[in-house]
Amino acid sequence: MPLQLTEIERVKTISKEDFYANFVKKQKPVVVEQLTSDWPAYEKWSLKYIKEIAGDKIVPLYDDRPVSYKDGFNEAHANMKMSDYIDLLNSKPTNFRIFLYNLIQEVPLLKKDFLWPNLGLRLVKQLPMLFFGGENSKVFMHYDIDYSNILHFHFHGKKRCVLFSPDQTPYLYKVPFSLISREDIDFDNPDFDKFPALKQAKGYVTELRHGEMLYMPEGYWHYMKYQTPGFSMSLRAFPRSIIKLSKAAYNVFIMRHIDNFMKKRKGQKWIDYKNEKALSTTNKNFS
């Protein structure tokens, strides 16, 4: 039995008025297929191009190891020259990913390759973030700490994206004091015997191809799987409502620090406790 997933609506192009009225205001995801067709990046951005202009940069890498009490918040698992990393992506499947990396700050030349979309969102121009992954590498199910509206552009290859709206949180085995679901859930082939609440979760799915943009509304859960080596860029706009801004502030200024304090004090026992709590509480509520 698969997850209950609906294909995300797709449009080739869209006006600012239609995008804001039909998707931002309704907090509904959408894929815009040709938004980048007039960008230099549409023709230029490939792994080969990134290697040519940024191959000497040392980049932070993340893999799919479980969260450890020894890890800091978003702490990288390894570092590597971009040229070596891209060679690795092209040579074989790898779990190593680049996550939330401001390569454009490191290589300002990239700023000339894309345009800031005029879609009615106040995009934060200091935060264009890049993400890279190898074939079959996965980004665990999570939501973003700042509850931003996200424009997610994919380049070079294919990427599968699974989304859940915030109202589906009770079914997703959210780990307390974290932004993630249980890491041992395989969202490609979930174990409904161990995680029965997932049967009730209703989400969205799409396959992004080169140049396509996925709009992810505020606080949406997302799971990504690179079907081929590739990379993406996210542009962000802060949440529009006071309630979500307050949740973002709580995540950044309170929750994150409580979690780090407890990891230092309790070590792995704190991680184990949170994972068990996610399982027991969710299953109890939906037994």
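Okay, so let's go over this structure. All values reported here derive from a predicted model rather than from experimental measurement.

## Focus: the pattern of salt bridges
Argument step 1. Summed over the entire model, instances satisfying the criterion amount to 18 salt bridges.
Argument step 2. Ionic pairing is found between Asp-184 and Lys-194, a salt bridge with its closest N-O pair at 3.0 Å. Here Asp-184 is found in the loop between β10 (159-164) and β11 (202-208), whereas its partner Lys-194 is found in the loop between β10 and β11, with ten residues between them in sequence.
Argument step 3. Assessed through its relative accessible area of 40%, Asp-184 is described here as partly exposed.
Argument step 4. Among the ionic contacts, a cluster of salt bridges with common partners joins Lys-138, Arg-160, Asp-186, Asp-188 and Lys-225.

## Comments concerning unusual backbone geometry
Argument step 1. Of note in the backbone geometry, Tyr-147 takes a positive phi value of approximately 55° without being a glycine.
Argument step 2. Its location among the elements puts Tyr-147 in the loop between β8 (138-142) and β9 (149-155).
Argument step 3. Judged by its relative accessible area of 12%, Tyr-147 is buried.

## What to know about the packing of helix α6 (residues 242-266) against helix α7 (residues 268-285)
Argument step 1. Running from N to C, α6 and α7 cross one another at 120°; their axes reach a closest spacing of 6 Å. With respect to their mutual orientation, α6 and α7 come out oblique. Mapping the contact onto sequence places Asp-259, Met-262, Lys-263 and Lys-266 in α6 and Gln-268, Lys-269, Trp-270, Ile-271 and Lys-274 in α7.
Argument step 2. A class-by-class count of the residues in the contact of α6 with α7 yields three nonpolar, one polar and five charged.

## Brief notes about the packing of aromatic side chains
Aromatic rings considered in pairs are described by the distance between their centres and by the relative angle of their planes.
Argument step 1. Within this structure, the stated rule accounts for 22 aromatic pairs.
Argument step 2. With a centroid separation of 5.9 Å and an interplanar angle of 50°, the aromatic rings of Trp-39 and Phe-114 are classed as tilted. Pair noted here: Trp-39 is in the loop between β3 (30-32) and α2 (40-44) and Phe-114 is in the loop between α5 (103-106) and β7 (129-133), with a separation of 75 residues, a long-range link.
Argument step 3. Taking 6.5 Å as the distance between ring centres and 55° as the angle between the ring planes, the aromatic pair formed by Phe-164 and Phe-187 counts as tilted. A residue pair is termed long-range when its members are at least 10 positions apart, and Phe-164 in strand β10 and Phe-187 in the loop between β10 and β11 qualify at 23 residues.
Argument step 4. Assessed through its relative accessible area of 4%, Phe-187 is described here as buried.
Argument step 5. These aromatic residues form a ring-pair network of at least three members: Trp-39, Trp-45, Tyr-85, Phe-114, Trp-116, Phe-132, Phe-153, Phe-155 and Phe-231.

## A short note on the packing of helix α3 (residues 47-54) against helix α4 (residues 82-91)
Argument step 1. Running from amino to carboxyl end, α3 crosses α4 at an angle of 160°, the nearest separation of the two axes being 9 Å. Between α3 and α4, the angle falls in the class roughly antiparallel. Here the hand of the crossing between α3 and α4 comes out left-handed. Contacts from Leu-47, Ile-50, Lys-51 and Ala-54 of α3 reach α4 at Met-82, Ser-83, Ile-86, Asp-87, Leu-89 and Asn-90.

## Points about the sheet that holds strand β13 (residues 221-226)
Argument step 1. One open sheet holds the five strands; their spatial order is β1-β11-β10-β13-β8, and the pairing between them is mixed. Looking at strand neighbours, the two that pair on one side only are β1 (4-7) and β8, the edges of this open sheet. Put simply, the sheet's adjacent strands are angled 20° from each other on average, direction ignored.
Argument step 2. Examined bridge by bridge, β8 and β13 share three bridges and lie antiparallel to one another. Among the inter-strand pairings, His-142 is bridged to a residue of β13, identified as His-222.

## Considering the sheet that holds β9
Argument step 1. Strand order in the open sheet formed by seven strands is β2-β3-β12-β9-β14-β7-β6, with mixed pairing between adjacent strands. Two strands bound the open sheet, and with one partner strand each, they are β2 (10-11) and β6 (97-101).
Argument step 2. Where β3 and strand β12 (residues 213-216) come together, three bridges link them in antiparallel fashion. Looking at β12, one finds that Val-32 is bridged to Met-213.
Argument step 3. Together, β6 and β7 form the strand contacts of α4, whose direction differs from that of β7 by roughly 45°.

Cut-off values and rules
- Residues numbered from 1 in each chain as written.
- Predicted model: local features only at pLDDT ≥ 70, side-chain atom pairs only at ≥ 80, totals over all residues.
- Heavy atoms only, no water.
- Salt bridge = Lys/Arg side-chain N within 4 Å of Asp/Glu carboxyl O.
- Helix = DSSP H or I, 4+ residues; strand = E, 2+ residues; numbered from the N terminus.
- Buried < 20%, exposed > 50% of the residue type's maximum accessible area, 1.4 Å probe, protein only.
- Axes fitted to C-alpha atoms, helices over the stretch in contact; angles between N-to-C directions.
- Parallel < 35°, antiparallel > 145°, perpendicular 65-115°, else oblique.
- Contact = heavy atoms within 4.5 Å.
- Nonpolar A, V, L, I, M, F, W, Y, C, P; charged D, E, K, R; others polar.
- Phe/Tyr/Trp six-rings, centres within 6.5 Å; stacked < 30°, edge-to-face > 60°.
- Left-handed = near helix turned anticlockwise from the far one by under 90°.
- Pairing = 2+ DSSP bridges.

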